[in-house]
Amino acid sequence: MDHPNYITPAGYAVLRAEYDQLLGEERPRIVDVVAWAAGNGDRSENGDYIYGRKRLREIDRRLGWLAKRMKAAKVIDPAQQGDRTRIWFGATVTIADPDDRERTLTLVGDDEADAGAGRIGWSAPIARALRGAAIGDTRRVTLPSGMVDYEVLAITYPA
């Protein structure tokens, strides 16, 4: 990775919980099914064996990805942000476009982004454009639909 994997404490907890669930619950359950299926004889037409092995590969691949992301993670608590007058990691921002349509976004880690819920990944184009802006600043963002100027109306951080 060429940049740190910034993540909030809540986002890290979600990654950790998924890792623990896969490693401690789902993988051992699938291993038991595969072991049982292997003991039934012919493996070439044994669906439990074939699909169990496939699911184990999927779980192992996901566990590797989660381990890599957690190792690279730099947990930052937005409540501890020093400069609350500017937009930094963890800020909840209200912005307005030229048509006065307001949007409220929270800048979070890329692994916890959910645009539908208003959580924008730290490396997303709109987040990169807003970094360091203060209330009243206008920032130009390049979107697939073209250039849009957004004005920063409010900045808040968790208490």
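Above: the structure in question.
Residues numbered from 1 in each chain as written. Predicted model: local features only at pLDDT ≥ 70, side-chain atom pairs only at ≥ 80, totals over all residues. Heavy atoms only, no water.

When you line up the elements, Arg86 lands in the loop between strand E2 (73-75) and strand E3 (92-96). When the C-alpha positions of Arg86 and Ile135 are compared, they lie 7.4 Å apart, and in sequence the two are 49 residues distant. Not counting residues within four places of it along the chain, the set of residues in contact with Arg86 comprises Gly132, Ala133, Ala134, Asp137, Ile155 and Tyr157. One polar contact links the side chain of Arg86 to the main-chain carbonyl oxygen of Gly132, over a distance of 2.7 Å. (Helix = DSSP H or I, 4+ residues; strand = E, 2+ residues; numbered from the N terminus. Contact = heavy atoms within 4.5 Å. Polar contact = N/O pair within 3.5 Å; in protein donor to acceptor, adjacent residues only side chain to side chain.)

An order of E5-E4-E3-E7-E6 is seen for the 5 strands of this open sheet, with the pairing classed as mixed. Of all strands in the sheet, those with a lone pairing partner are strand E5 (119-121) and strand E6 (138-143), marking the two edges. Each strand of the sheet is rotated relative to its neighbour by a mean of 45°, with strand direction disregarded. Here E3 runs beside strand E4 (residues 102-108); their pairing, made up of 5 bridges, is antiparallel. Note on E4: the bridge partner recorded for Val93 is Leu105. (Pairing = 2+ DSSP bridges. Axes fitted to C-alpha atoms, helices over the stretch in contact; angles between N-to-C directions.)

Glancing now at the pairing of E6. Where E6 lies against strand E7 (residues 146-156), 6 bridges are found, and the strand directions are antiparallel. Paired with Thr142 across the two strands is Met147, which belongs to E7. Taking the residues between adjacent antiparallel strands as the criterion, E6 and E7 are bridged by 2 residues.

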